[in-house]
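Here are the chains, one letter per residue:
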Amino acid sequence: MKQIQRLMPLLLGTLLAFLPASLSAMEKQADTIDELLEMFDESSCMECHEEIHDAWSKSWHAQAVVSSLGGMHNFIVIGLAKEWETPLTKAQIMKCLDCHAPVVKYASEDLAVKIGEMIVTAFKEKGKPAGDSAKKELARLNVGCLSCHNIKATEVARGFNGPAEKGMIYGPKGEDAEDAHETLEAVDITRSSFCMQCHGIYKSADGETIQCNTLSGSYQDTYVAMGGSKTCQDCHMKKGHLFPGGHDLDTVKEGLGFEVQINSYQHLPGQIKNVKDPKRWVPSAVVNVFIENKAGHRVPDG
Amino acid sequence: MVLDVTARNLAEKDPEKQVMFSVQEKYFEIGRDLQNRMRYGAWQIKEIVDLTLQPMQTRREQYLINFDTDVEEVEIEASLSYFISGKKGDVVYSIKEKLTYDLD
């Protein structure tokens, strides 16, 4: 026992000496957007998955950063700077980008801050060379193939699954892709809880809640509680990786029923004030409008 | 999400005088901070006041409308519009029905 006690500091020292190196090897951090996108290279995905890529490229996932510049700008300029009096750091900007561009998780502190500054420039300098250039660069960041099929793939049950393996593609079937890549079946990706990582109230690492939308709460607490059994994917992947939602009129229409029933009648004379002739029957109508929410969540969502 | 119900007097030629009844219902969420102030920033909103349409439920709106005693023909229009943002709205459904009254 005494021998172990004597050896303990030596063991701990050895562990600590190797720990930073092993951590940095595991969590390599990019210093530029080029480097970041090289680490998660998606350029070859479309070679085999052309149709899926085409659909995705028209989706809001493909422009998850540039379509939300206003909100993210406000978070940085009003939220962080004015209200919280807190500097822009990677931890802070990840409150947006963990969902809008999950790959930024692997950016260095400096790069993440630079991306945050680019968001401010792109919004503030819209239509000017500096703004357009920042927006063009930011357009390379999005919710891409590897955001779902790797980075976020194991996160719902991180304790059970462990972190995503580098280079592994997680898919619903785990079908062999021959030499292109290794594939692992991940049932997680087919479940609502997978989408709910981002499409609901987001809880950041420091505990802050960021309420971009409230879909997941409404889905779980009302739709499922009332007996609903469809998943997010059942409705929002009907057009594949286009992920139609509120921006798509067909999808909105599918989620809503609308019926109008009108009963016309003539009201008893003398009962309605301010009519031209109180002795006459009063043309009247009862209009009943029925709006059915057939979606799996509240409509509209915040 | 906005429901508009309008009743127009078809005998009236002046479009401004045509509308005899008009009502608008809005279905939306009010985001609020912990001081109960209405907020728009995702980082500011901690709770909501829920005025939306709930899943698995049908919302019924009912209007009793009385017209003037000389109105013979009315057009009732009900339309439902979806606003993806405050600025951009699309009409999802629109239904019109003509009512005729026998004044004799």
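Residues numbered from 1 in each chain as written. Chains lettered and ligands numbered in written order. Predicted model: local features only at pLDDT ≥ 70, side-chain atom pairs only at ≥ 80, totals over all residues. Heavy atoms only, no water.

A.B. asks: Would you take a moment to explain the packing of helix H6 (residues 90–100) of chain A against helix H7 (residues 109–124) of chain A for this structure?
C.D. replies: The angle between the axes and the distance between the axes are what describe a pair of packed helices. Residues and elements named next belong to chain A. Direction vectors running N to C along H6 and H7 enclose 55°, while the axes themselves pass 9 Å from each other. With respect to their mutual orientation, H6 and H7 come out oblique. Considering how the two elements wind past one another, H6 and H7 form a crossing that is left-handed. Contacts between H6 and H7 involve Lys90, Ile93 and Leu97 from the former and Glu109, Ala112, Val113, Ile115, Gly116 and Ile119 from the latter. A breakdown of the residues in the contact of H6 with H7 according to their chemical character gives six nonpolar, one polar and two charged. (Axes fitted to C-alpha atoms, helices over the stretch in contact; angles between N-to-C directions. Helix = DSSP H or I, 4+ residues; strand = E, 2+ residues; numbered from the N terminus. Parallel < 35°, antiparallel > 145°, perpendicular 65-115°, else oblique. Left-handed = near helix turned anticlockwise from the far one by under 90°. Contact = heavy atoms within 4.5 Å. Nonpolar A, V, L, I, M, F, W, Y, C, P; charged D, E, K, R; others polar.)

A.B. asks: For this particular structure, what's the right way to read the packing of H7 of chain A against helix H8 (residues 129–138) of chain A?
C.D. replies: Residues and elements named next belong to chain A. In contact at an axis separation of 8 Å, H7 and H8 are set at 130° when each is read in the N-to-C sense. Between H7 and H8, the angle is such that the two are oblique. Viewed along their axes, H7 and H8 form a crossing whose handedness is left-handed. Across from Ile115, Met118, Ile119, Thr121 and Ala122 in H7, the residues of H8 making contact are Ala130, Gly131, Ala134, Lys135, Glu137 and Leu138. Within the contact of H7 with H8, the residues separate by chemical class into seven nonpolar, two polar and two charged.

A.B. asks: Teacher, can you tell me more about the sheet that holds strand S7 (residues 89–100) of chain B here?
C.D. replies: All names here are of chain B. Taking strand neighbours across the sheet as the criterion, the four strands line up as S2-S1-S6-S7 in an open arrangement whose pairing is antiparallel. The open sheet is flanked by strand S2 (19–26) and S7, the only strands paired with a single partner. Averaged over neighbouring strand pairs, the angle between their axes works out to 10° when direction is ignored. (Pairing = 2+ DSSP bridges.)

A.B. asks: Explanation requested: the state of the cysteines in the structure shown.
C.D. replies: Note: disulfide means a covalent bond formed between the sulfur atoms of two cysteine side chains. Residues and elements named next belong to chain A. Under the criterion given, the structure shown has one disulfide over all chains. Here Cys99 is linked by a disulfide to Cys198, with a sulfur-sulfur distance of 2.2 Å. Sign of the S-S torsion, about -95° for the bond between Cys99 and Cys198, identifies this disulfide as left-handed. Of this pair, Cys99 sits in helix H6 while Cys198 sits in the loop between helix H11 (192–195) and strand S3 (202–203), placing them 99 residues apart in sequence. Taking relative accessible area as the criterion, Cys198 reaches 21% and is therefore assigned partly exposed. Cys212 provides the cysteine sulfur closest to Cys96, a residue in no disulfide bond, and the two sulfurs are 6.8 Å apart. (Disulfide = S-S within 2.5 Å. Buried < 20%, exposed > 50% of the residue type's maximum accessible area, 1.4 Å probe, protein only.)

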